[in-house]
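Observations on the three-dimensional arrangement
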Amino acid sequence: MAQTTMAIRGPLVGQLFLLFAALLGNACSSDHDSTRTIPTADVIVINADVHTSDVGQPKAEGFAVRDGKLVLVGADEDVRALAGDDTEIIDANGATVLPGFVDGHTHLVSGAGLATGVDLSEIEDKDEWLRIIAEKVATVPDGKWILGGGWDQNLSDGILPTKEMLDSVAPGNPVWLRDIDGHSYWANSFAIELAEVTADSRVPRGGVIVVSPDTGEPTGVFKEGARVLFDNAPGMSEATDTEAGIRSAMALANTLGVTTVHDMSYEIDAFLSVLESTDLTVRIWQGARRDGGAFPREEFVAIAEERERIRKLVAATGLTETKGPLFELGYVKFMVDGALSGYTALMKEPYADNPKADPAPRTTQNELIKMVEYAHGNDIPVSIHAIGDRAVSWALDALAASPSKPGMLPDRIEHIEVVTPDDVERFRSLGIVASMQPHHATCCVGNYVIDRIGRQRLPNAYVWRSMLDHGIPLVLGSDWPTSPFNPLIQIADAVLRETRLDGVVRPWDEGNTLTFEEALYGYTQAGANMTSWSDQIGSISAGKWADFVILNDKLATPVDRSLASAQVAATYLAGTKVFP
Ligand SMILES: [Zn+2]
């Protein structure tokens, strides 16, 4: 039964509703109060500026929740009519209410350090880094590891930090901080001694211990594979406990209004353990990671079997009956290339500022073609990391060679930082989803992207609007911890498209901006559409699970820069408050 109102939905649905209500009212109520025909709600939200992400009913004043699901979305007076003696009434006081965010690309486990430790993301001033670290040190017992990071020397003075800087604020704790891209780590003397690392320690191929030319000692920065030198340091495994990390990452997600993620951590047992202890407060659409290299056919048979095993385990908990979908292995993730920053993205033409760079692919074209064939042969959709225009082409070639079968969920390409117009056409003809992260553009266009690709290729970079104009499904996300987890920052980036150019923050290539409603859809329903949960989550619509976010104020119309600093007042998953 369509439990909605005539004012908001079409007149036919409204009339049917009134007819049904009247019939029931006559049958079971002596005072002809038609509202008593719908059971009272557990929770109602009223007096709100609701953006639903439901194209059939984009705005509402409120909604009612019963047994974890939305039973009515519409005008205040219709919602109020469902309040009974035990109904919790949430008066939003005019604030904006949005669907729970669906982040299209996260790494919850690698981000856990940021959630529990220090977070230096987006901070330019190194003194401010040290102030934040000192603040953390004050709350941690002596000898305990301090993790996290998100530091980016390119945002400040371009110079790598040193162990001495950390020693000055954290003499009594080992400190180990990942940089924003996860390519380098920064340690203090305590950590280096604890891990028994010296300038002569052996590192895996490609790993680098940065050594001071003056002293011959490690400076405190460890690149790529050199990070493994710290894996077995005393206390590290307790400090990086995966389950604890998942819990803190989810708690952080909830503070930001995130209720669903497409996650790439691939720590199945840890997630299932958190699920079984009934603590999963974020719905997880998990990817089986097969990063780089070739995997044989049997590998994909095994993934399909694992997917079945997980389905049974999750169903056996019974939790999905009261909370909705929670955890599923949905796709396999491949990597074709690296990133523009380090000249490891595969480009069709040479890098503008380093024409000799000749990056090796993480997966060759033939390996990719084979693996897509194996995945599709086992009904597994694929997600392909491709940042440079050549990598995107390879991904499309492989998807064209082995199209997915009818009825399968769509395949997706991740990041797509540079793409040529002919390949944009191929996204549409092949039915491929574009999964993009707005802040990866705004952080870096003025910083190094223009240097790498030159102004001529700039119109091919971060083409959000072109994707939509070509009818290609566009899913937005953060790729946290490589960029801010906060969806409002990412949406503001998509709408404003501002970057630092020649020292001034200003919009660039404004033809590729999104409207607020488009960006919101990209951060909610579009992500749900890539899962088997599309009719259960992703919008504020009657019949769906009640995942929603109440902001502390009404967003400006049209939205402006204040969007990025808007605060989440409360987050609900299946009608239950998960934050604060
Ligand atoms: Zn990623």
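Refer to the preceding data block for the structure.
Described in the following lines is the structure provided in the data block. (Residues numbered from 1 in each chain as written. Predicted model: local features only at pLDDT ≥ 70, side-chain atom pairs only at ≥ 80, totals over all residues. Heavy atoms only, no water.)

**What about the packing of aromatic side chains?**
- Scanning the model with the defined rule gives 17 aromatic pairs in all.
- With a centroid separation of 5.9 Å and 70° between ring planes, the pair formed by Trp151 and Trp186 is classed as edge-to-face. On the criterion of sequence distance, the pair formed by Trp151 in strand S10 (residues 148-151) and Trp186 in strand S12 (residues 184-187) is long-range, its members being 35 residues apart.
- We classify Trp186 as buried; its relative accessible area is 0%.
- Put simply, the rings of Trp176, Tyr185, Phe222 and Phe230 touch in pairs and so form one group of aromatic residues.
- It is Arg290 that lies over the ring of Phe295; its NZ or CZ is 5.8 Å from the centre. (Phe/Tyr/Trp six-rings, centres within 6.5 Å; stacked < 30°, edge-to-face > 60°. Helix = DSSP H or I, 4+ residues; strand = E, 2+ residues; numbered from the N terminus. Buried < 20%, exposed > 50% of the residue type's maximum accessible area, 1.4 Å probe, protein only. Lys NZ or Arg CZ within 6 Å of the ring centre and 35° of its normal.)

**So, the environment of Asp423**
- Among the structural elements, Asp423 can be located in helix H14 (residues 421-430).
- Sequence-wise, Asp423 and Gly293 are 130 residues apart; in three dimensions their C-alpha atoms are separated by 24 Å.
- Other than its neighbours up to four places away in sequence, Asp423 contacts Lys348, Asp389, Ser393 and Leu396. (Contact = heavy atoms within 4.5 Å.)

**Brief notes about unusual backbone geometry**
- Of the consecutive residues Trp480 and Pro481, the connecting peptide bond is found in the cis state with omega at 10°.
- Summarising the element assignment, Pro481 is placed in the loop between strand S21 (474-476) and helix H18 (487-496).
- The backbone of His415 shows a phi angle near 85°, a positive value even though the residue is not glycine.
- Tracing the backbone through its elements, the reader meets His415 in strand S19 (residues 412-415).
- His415 sits in the buried class, given a relative accessible area of 4%.
- One non-glycine residue, Ile416, lies in positive phi territory at about 45°.
- Take Ile416: it is sitting in the loop between S19 and H14.

**Examining the side chain of Ser383**
- Counting through the fold element by element, Ser383 comes out in strand S18 (residues 382-386).
- Assessed through its relative accessible area of 0%, Ser383 is described here as buried.
- A polar contact is formed between the side chain of Ser383 and the side chain of Glu414, at a distance of 3.2 Å.
- If sequence neighbours within four positions are ignored, Ser383 has contacts with Tyr331, Val332, Lys333, Phe334, Arg412 and Glu414. (Polar contact = N/O pair within 3.5 Å; in protein donor to acceptor, adjacent residues only side chain to side chain.)

**Describing the pattern of salt bridges**
- Tallying each qualifying case throughout the model produces 27 salt bridges.
- Among the salt bridges present, the one from Lys59 reaches Asp49, with a minimum N-O distance of 3.0 Å. Placement of Lys59 in strand S3 (residues 59-60) and of Asp49 in strand S2 (residues 49-51) is noted, with a sequence separation of 10 residues between them.
- A residue is classified by how much of its surface remains accessible, and Lys59, at 40% relative accessible area, is partly exposed.
- Of the residues examined, Asp49 reaches a relative accessible area of 7% and is grouped as buried.
- A salt bridge links Asp423 to Lys348; the shortest N-O distance between them is 3.1 Å. Here Asp423 is found in helix H14, whereas its partner Lys348 is found in the loop between strand S17 (327-335) and helix H12 (365-377), with 75 residues between them in sequence. (Salt bridge = Lys/Arg side-chain N within 4 Å of Asp/Glu carboxyl O.)

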